[in-house]
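The residues making up each chain are set out below.
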Amino acid sequence: MAQQFNEISSVQPRDPQLLKAAKPKRFGFMNVPFVAIVAVLVAYGLVVQFSATSADADYSFARQLSGVVIGLILAVGISRFDYHALGGFTTLFLVLIVVLLISPHLPFIGVSNKGATSWIKLGPLPQLQPGEFAKVLVVLLCASVVSRYGGRLDDLREYLKTVAILAVPFVAIMTQPDFGTGLVYLVIATFTLIAGGANWRFMVGTVVAGLAFCVLVFVTDPILDSIAGTDVGLKDYQRARLMVWNGSTTDTSGDAYNVQQAMIAIGSGGLTGKGFMNATQSTLGFLPEAPTDFVFCVLAEEFGFVGAVVLIVLYAALILASILIARRSNDLFGMLIVMACVGLWTFQIFENIGMDIGLMPVTGIPLPFMSYGTSFMIMNFCLVGLINSIWVHNGH
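Residues numbered from 1 in each chain as written. Predicted model: local features only at pLDDT ≥ 70, side-chain atom pairs only at ≥ 80, totals over all residues. Heavy atoms only, no water.

Q: Run through the overall build of the protein, naming residues and quoting values.
A: Helix and strand content of the protein: 14 helices and 2 strands. Within the protein, buried positions represent 49% of all 396 residues. The long-range share in the protein, meaning contacts at least 24 apart out of those at least 6 apart in sequence, stands at 73%. A total accessible area of about 18,200 Å² is found for the protein, and carbon and sulfur atoms account for 69% of it. (Helix = DSSP H or I, 4+ residues; strand = E, 2+ residues; numbered from the N terminus. Buried < 20%, exposed > 50% of the residue type's maximum accessible area, 1.4 Å probe, protein only. Contact = heavy atoms within 4.5 Å. Areas by Shrake-Rupley, 256 points an atom, 1.4 Å probe, with all protein chains shown as cover.)

In structure tokens form, the structure reads like this:
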């Protein structure tokens, strides 16, 4: 895909001819199929969240709805903003990402929960998760850096320099630590590099080195913990999740409980489900974190196999519509933004549903437009705004 942009990628973001060509036409303020798919997904998510949050006092449907309203306003504003102007702010993106990701460590505003310091509290406002907002900046950072190479990244030195820059968000998020969000950052970078024409041999070498490093950490972590007398690398719960995933432990009263209850909820839905508001696994408290990590289980229990297939079809349509917008982009920067968003959504969909059915380890990665979370919902709408901006400002 990157090759078709070799000639036009050198166009400057404020090139008058490009801006003239990008002038929106009548009724060109949005890509109707793309926006319609998002609207249906959001509506579907709100229906499921109304049920999931009704049985848990720790969650508020009104707050989820506020995330949709704020996100919608931001999406409209971003859609009207010319994304070309963002192409030259690589350093600013990097600085803002680091500031956001270290903000939970600041006194008086940082909030710790379940072994991670990933939230901030600003006065009367609800808790916010900077790592979610940083995803938007990571998308822009990756697209800005990789687009410099015009669709071909064959020089090893330049490739390593690029990888080093794109690794900064992962290092910053691991200070919290939030390994799940860190994985999302890495996937965004990977999709951007692939779409941006990075040498496949370099990419394979990077993946192999990364996997080898993960294996080394997993093997040596108990030794380092025993020497230090505390968790040095992996947390105990992270190691337990990996052991459940690879079948090393099957104690359904312990570490494997969440996965077991998730699969019971999905299986009990049958073909057409138990009906709206009748998800007994979540309402009776058997399914932990139902509105967030395991919202797909609530959907499958209430609407069955049919409801789950409808969701997957909607996601497939979302990805396809996004790719079609990427192919119609007049510049490499815009195409890479869309492909980075595609990578983010694809990975989160695959990981979240995969962990619910036992195919992937439990990581706490939320499901796009479905999982509970104001910060998460606003982030997704910002990505929608970026993609629609690319459609609008390419003269469609």
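Once the structure has been displayed, the description carries forward.
Q: Any details on the confidence of the model for the protein? Residues and values, ideally.
A: Counting all residues, the mean pLDDT for the protein is 85, and 84% of those residues have values of 70 or more. Looking across the protein, the model is least confident in helix α1 (residues 16-21), with a mean pLDDT of 44, and most confident in helix α5 (residues 130-146), with 96. Predicted confidence for residues 3-27 stays below pLDDT 50, and this span has 39 contacts to residues more than four positions away or in other chains. (pLDDT = per-residue confidence, 0-100.)

Q: Please provide a residue-by-residue account of the environment of Ile-73, values included.
A: Within the secondary structure, Ile-73 is located in helix α3 (residues 61-80). The exposure class assigned to Ile-73 is exposed, which follows from its relative accessible area of 59%. Note: C-alpha distance between Ile-73 and Phe-381 (308 residues apart in sequence) is 8.8 Å.

Q: With reference to specific residues and values, describe unusual backbone geometry.
A: Excluding glycine, a negative phi dihedral is what most residues carry, and trans is how most peptide bonds are arranged. For the peptide bond that leads from Gln-176 to Pro-177, omega is -10°, which places it in the cis range. Tracing the backbone through its elements, the reader meets Pro-177 in the loop between α6 (156-173) and α7 (179-195). Phi at Phe-108 is positive, roughly 80°, even though this residue is not glycine. Position of Phe-108 relative to the elements: it lies in the loop between α4 (90-102) and β1 (110-113).

Q: Go over the nonpolar core with me, naming the residues and quoting the values.
A: Counting residues in hydrophobic clusters, the biggest one holds 94 residues, and the most contacted among them are Ile-337 and Trp-345. At 15 residues, the largest contribution of residues to this core is made by helix α13 (residues 332-356). Among all residues touching Ile-337, those that are not within four sequence positions of it are Tyr-83, Val-139, Leu-140, Ala-143, Leu-386 and Ile-390. (Core = buried A, V, L, I, M, F, W, Y, C linked by side-chain atoms within 4.5 Å.)

Q: Now, about the packing of helix α2 (residues 32-54) against α3: what can you tell me, with residues and values included?
A: Where α2 meets α3, the axes come as close as 9 Å, and the angle between the chain directions of the two elements is 165°. One finds that α2 runs roughly antiparallel with respect to α3. Crossing handedness for the pair α2 and α3: right-handed. Along its contact with α2, which presents Val-42, Leu-46, Gln-49, Phe-50 and Thr-53, the element α3 presents Phe-61, Gln-64, Leu-65 and Val-68. (Axes fitted to C-alpha atoms, helices over the stretch in contact; angles between N-to-C directions. Parallel < 35°, antiparallel > 145°, perpendicular 65-115°, else oblique. Left-handed = near helix turned anticlockwise from the far one by under 90°.)

Q: Please provide a residue-by-residue account of the side chain of Gln-261, values included.
A: Tracing the sequence through the fold places Gln-261 in helix α10 (residues 257-268). Among the residues examined, Gln-261 registers a relative accessible area of 11% and is labelled buried. Filtering out sequence-adjacent residues up to four positions away, Gln-261 remains in contact with Gln-281, Phe-286 and Leu-287.

Q: An account of α7 is needed here, citing residue identities and associated values.
A: Between the first and last C-alpha of α7 there are 24 Å, a value that for 17 residues agrees with the 24 Å anticipated at 1.5 Å per step. Among the residues making up α7, those that are buried are Gly-180, Thr-181, Gly-182, Val-184, Tyr-185, Val-187, Ile-188, Ala-189, Thr-192, Leu-193 and Ala-195. (Expected span 1.5 Å × (residues − 1).)

Q: An account of α4 is needed here, citing residue identities and associated values.
A: Look at α4: 19 Å from first C-alpha to last across 13 residues, which is about the 18 Å you get at 1.5 Å a residue. Every buried residue of α4 is listed here: Thr-90, Phe-93, Ile-97 and Leu-101. One side of α4 holds all its buried residues, which, seen down the axis, span an arc of 60°. (Arc of directions from axis to C-beta.)

Q: Report on the pattern of salt bridges, specifying residues and quantitative values.
A: Applying the stated criterion across every chain, the model contains 4 salt bridges. Between Glu-132 and Lys-135 there is a salt bridge; the shortest N-O distance is 2.9 Å. Placement of the pair is Glu-132 and Lys-135 together in helix α5, with a separation of 3 residues, close to one helical turn. Notably, a salt bridge pairs Glu-158 with Lys-161, separated by 3.3 Å at the nearest N-O pair. Within this pair, Glu-158 and its partner Lys-161 are both found in helix α6, separated by 3 residues, close to a single helical turn. (Salt bridge = Lys/Arg side-chain N within 4 Å of Asp/Glu carboxyl O.)

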